[in-house]
Amino acid sequence: MLKMANQIITLDRLKINGRLRRLARELRITVEHDADRLTLSNDEFGLLVSAPTLEEGIAGISEELSTLWEVYVAENPANLTRDALRLRSNLESLVAAGAGS
């Protein structure tokens with residue numbers, strides 16, 4: 001069986017909280033091929049999605065980022081740990097200033 005090598009795709013926009021947003025920096029996603037499924041991942045944000053198509057995988061990545069956004073960016077910073085504040089800062093750096101929550 002022929003196994004395809006992992007690929008890296010870069011996303012410059014994602015749907016976060018129901019809104020398509022242009023990213024301030026590219027988000028690198030590793031795509032692994034395994035039989036009839038794709039696994040998309042990003043180490044920076046701990047994202048991991050398994051899907052039958054690339055389109056569905058990207059939608060899953062968007063959903064995971066939306067969840068992280070709700071949990072860390074929408075939360076009062078006083079309620080977050082140091083690690084959570086670092087993740088919050090990384091998430092905010094992903095979305096262009098003024099793009100809102």
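A. Just helix α1 (residues 54-73), in detail. Over its 20 residues, α1 extends 27 Å from the first C-alpha to the last, a length consistent with the 28 Å expected when each residue adds 1.5 Å. Those residues of α1 lying buried are G57, G60, I61, S62, L65, S66, L68, W69 and V73. Looking at the buried residues of α1, the elements they touch are β1 (7-16), β2 (19-34), β3 (37-42), β4 (47-51) and α2 (82-94).

B. Local environment of the pairing of β3. The pairing of β2 with β3 spans 5 bridges and is classified as antiparallel. Residue H33 lies in a different strand from β3, and its bridge partner there is L38. Note that β3 and β4 share 5 bridges and pair antiparallel. When the sheet's bridge partners are listed, S41 is paired in β4 with L48. Where β3 folds back on β4, the antiparallel hairpin that results is connected by 4 residues, among which G46 adopts a positive phi of roughly 65°.

What counts and how
- Residues numbered from 1 in each chain as written.
- Predicted model: local features only at pLDDT ≥ 70, side-chain atom pairs only at ≥ 80, totals over all residues.
- Heavy atoms only, no water.
- Helix = DSSP H or I, 4+ residues; strand = E, 2+ residues; numbered from the N terminus.
- Expected span 1.5 Å × (residues − 1).
- Buried < 20%, exposed > 50% of the residue type's maximum accessible area, 1.4 Å probe, protein only.
- Contact = heavy atoms within 4.5 Å.
- Pairing = 2+ DSSP bridges.

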